[in-house]
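Coordinates in review
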Amino acid sequence: MYWKKLSHEQIKETVFKALGENLDYRGERPILGIPGTYLDTTEFYPDAPFLQDAPYMSAMVRNPNHIGVHTLSEESVLEVFEGTQKIERDLIRLVAEEVFNGEPNGQDGYVATGGTEANIQAMWVYRNYFIKEKGARLGEIALVYSEDSHYSMPKGANILNLQNIILEVNPETREILQSSLESKIKEAMQDGIKYFIVIANLSTTMFGSVDDIDALGDFFTDQNVDFRIHVDAAYGGFIYPFTNPTSRFTFQNPYMSSITSDGHKMLQTPYGTGLFLIRKGYIEYVKTDEAQYIPGKDYTISGSRSGANAISMWMILKIHGSEGWKYKMESLCDKTERICKKLDRMGVEYFRNPYNNIIAIKAKYMSAELADKFYLVANSYEFEPEWYKIVVMPHVKQGTIDSFLIELEGEQKSRKSNQKG
């Protein structure tokens, strides 16, 4: 896991060179057939002085369309944006090969609108794979995920007409219960399910919990059924690999076929930067042949999408370099660990994966007023919450943490005093 840090000047030079290789709508070329354009000049005027030092904003104004998947060897989709598409290809290569240890040129991918789209993209690919290669019928394909999984799972299953298999977890460890896995898959097979799209979580939204990808892979292998595992690392993808050197969530693990990793969480890039990566050979199953007016066809749910978003992810990774990013993520985990030690001394129960920066505290240890004051997130807003979540992000100041812990400790002392009384 290594990539070189670039200076701001080097990043500027690369991005502006790429924009220069794109089609310029303001140029003198006779452009008649392309519906895209630069942004409205009333608000987004191209001669703003600050743009000369702002590669991302310059890309926004130039408005490159990155429709399609640019890791494929065929003719580029809308090659008039070839310059910035090269940056997206480099982003895919960097994350697939350096972060997730993929083989050189062994993965396809694109920058989706977010984790929801990227997760549904994976379901779509594997559903079509089972239908086209195995002769599966819709009623024979199921999506398997834990009850802690993101809501994009039932959403995707609904859109794609997949059967849902929701696995129960241990309420303390947040691990998938083996008994639930065994009983629900057995029941599904008896009901005619033959093909399984399995979701392994690399940091669930509420708890930061991590599923055992090897245990899931071994189980379905032992059942002698067809399955593919997609990893939802929308949150954990840009922290867990840097804090856990023994991570099994890599393309070296044969069980991992694809992965989602959002930029607009840990990378702090703009919303609309959900990265989707998948092994070579699968993306063809969602090729939209009907899009014959697009060179290279389209393989994505979103279709047209902003090239500036891909540039933003590439810029963040390059400005830090691998060592800088590792240090930043380790620093967040160190700060998270200090909070946990103070909670331990108070006797407050919580859940935390040691490689992530999320702490889920049992709601019984604090008042709703305290949770509201510090904008903690509850696990439910329809029923009485059982957990409140802290996420230790770069914007979280030590003074804010100290104030919260002082007030929480005050509530604990008051509660214990009332119990004695």
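Tallying secondary structure elements over the protein gives 11 helices and 11 strands in all. For the protein, the C-alpha radius of gyration of 23 Å lies close to 22 Å, the compact-globule estimate for 421 residues. Counting only C-alpha atoms and orienting by the principal axes, one finds that the protein spans roughly 85 × 60 × 40 Å. Burial status across the protein gives 54% buried among its 421 residues.

What follows covers the pairing of strand E11 (residues 387-391). Most of E11 sits inside the fold, with 4 of its 5 residues counted as buried. Where strand E9 (residues 358-362) meets E11, 5 bridges bridge the pair, whose relative direction is antiparallel. Looking at E11, one finds that Ile358 is bridged to Val391. The pairing of strand E10 (residues 377-378) with E11 spans 2 bridges and is antiparallel. Looking across to E11, one finds that Ala378 is bridged to Tyr388.

With mixed pairing, the 7 strands of this open sheet are ordered in space as E1-E7-E6-E5-E4-E2-E3. Every interior strand has two partners, whereas the edge strands, strand E1 (107-112) and strand E3 (163-167), have only one. Strand-to-strand twist across the sheet, computed as the mean angle between neighbouring axes with direction ignored, equals 20 degrees. One ladder, built from 5 bridges, connects strand E6 (residues 256-262) with strand E7 (residues 274-279); its direction is antiparallel. If you follow Ile259 over to E7, its bridge partner there is Leu277. Contacts from helix H3 (residues 82-99) reach E1 and E7, with the element oriented near 115 degrees to E1.

On to the sheet that holds E10, then. In space, the 4 strands of this open sheet follow the order E8-E9-E11-E10, with antiparallel pairing throughout. In this open sheet, the two strands that pair with only one neighbour each are strand E8 (350-351) and E10.

Below, the discussion takes up the packing of aromatic side chains. Going through the model one piece at a time under the given rule, you end up with 17 aromatic pairs. With centroids separated by 5.6 Å and ring planes inclined at 70 degrees, the aromatic side chains of Tyr129 and Tyr282 adopt a geometry described as edge-to-face. Here Tyr129, found in helix H4 (residues 115-134), pairs with Tyr282, found in the loop between E7 and helix H9 (307-346); they are 153 residues apart in sequence, far enough to count as distant. With respect to class, Tyr129 is no different from Tyr282; both count as buried. Put simply, the rings of Tyr126, Tyr129, Phe130, Tyr195, Tyr282 and Tyr285 pair up and form one aromatic cluster.

Using the criterion set out here, one finds 23 salt bridges in the structure. Ionic pairing is found between Asp402 and Lys342, a salt bridge with its closest N-O pair at 3.7 Å. Taken together, the residues span a long stretch of sequence, with Asp402 in helix H11 (residues 398-420) and Lys342 in helix H9 at a distance of 60 residues. Of the residues examined, Asp402 reaches a relative accessible area of 27% and is grouped as partly exposed. In this structure, a network of salt bridges that share partners links the residues Asp90, Arg93, Glu97 and Lys318.

Our focus in this paragraph is a negative patch on the surface. Together, Glu175, Asp212, Asp218 and Asp222 make up a region of like negative charge exposed at the surface. Here Glu175 shows up in the loop between E3 and helix H6 (178-190).

What follows concerns the pairing of E3. Across 5 bridges, strand E2 (residues 141-146) lies against E3 in parallel orientation. Residue pairing for E3: Ser146 is matched across the bridge by Leu167. For the crossover that starts at E2, traverses helix H5 (residues 152-160) and ends in the parallel E3, the hand is right-handed.

Our next topic: the packing of helix H1 (residues 8-21) against helix H2 (residues 55-62). Viewed as axis vectors pointing N to C, H1 and H2 meet at an angle of 15 degrees, and their least axial separation amounts to 9 Å. Considering the angle they form, H1 stands roughly parallel to H2. The two elements H1 and H2 meet at a crossing, and its hand is left-handed. On the side of H1, the interface is formed by His8, Ile11, Lys12, Val15, Phe16, Leu19 and Gly20, while H2 contributes Pro55, Ser58, Ala59 and Arg62. Tallied by class, residues from the contact of H1 with H2 come to 6 nonpolar, 3 polar and 2 charged.

We now examine the environment of Asn63. By the secondary structure assignment, Asn63 is in the loop between H2 and H3. Residues Asn63 and Thr37, 26 residues apart in the sequence, show an inter-C-alpha distance of 7.0 Å. Excluding residues that lie within four positions of it along the chain, Asn63 makes contacts with Thr37, Tyr38, Leu39 and Phe81.

Phi at Asn105 is positive, roughly 55 degrees, even though this residue is not glycine. Here Asn105 lies in the loop between H3 and E1. With phi around 60 degrees, Asn161 is a residue other than glycine that occupies positive phi space. Looking at where Asn161 falls in the secondary structure, it is placed in the loop between H5 and E3.

With that out of the way, let us pick up the side chain of Lys362. Here Lys362 lies in strand E9. At 3.1 Å, the side chain of Lys362 forms a polar contact with the side chain of Glu172. For Lys362, the contacting residues outside a window of four places in its chain are Glu172, Glu349, Glu386 and Trp387.

What counts and what doesn't
- Residues numbered from 1 in each chain as written.
- Predicted model: local features only at pLDDT ≥ 70, side-chain atom pairs only at ≥ 80, totals over all residues.
- Heavy atoms only, no water.
- Helix = DSSP H or I, 4+ residues; strand = E, 2+ residues; numbered from the N terminus.
- Rg over C-alpha atoms; globule rule 2.2 N^0.38 Å.
- Buried < 20%, exposed > 50% of the residue type's maximum accessible area, 1.4 Å probe, protein only.
- Pairing = 2+ DSSP bridges.
- Axes fitted to C-alpha atoms, helices over the stretch in contact; angles between N-to-C directions.
- Contact = heavy atoms within 4.5 Å.
- Phe/Tyr/Trp six-rings, centres within 6.5 Å; stacked < 30°, edge-to-face > 60°.
- Salt bridge = Lys/Arg side-chain N within 4 Å of Asp/Glu carboxyl O.
- Patch = residues over 30% accessible without salt bridge, like charges linked within 9 Å, V, L, I, M, F, W, Y side chains within 5 Å.
- Areas by Shrake-Rupley, 256 points an atom, 1.4 Å probe, with all protein chains shown as cover.
- Lys, Arg positive; Asp, Glu negative; His and termini not counted.
- Charge placed at Lys NZ, Arg CZ, Asp CG, Glu CD.
- Right-handed = clockwise from strand over helix to strand, strands pointing away.
- Parallel < 35°, antiparallel > 145°, perpendicular 65-115°, else oblique.
- Left-handed = near helix turned anticlockwise from the far one by under 90°.
- Nonpolar A, V, L, I, M, F, W, Y, C, P; charged D, E, K, R; others polar.
- Polar contact = N/O pair within 3.5 Å; in protein donor to acceptor, adjacent residues only side chain to side chain.

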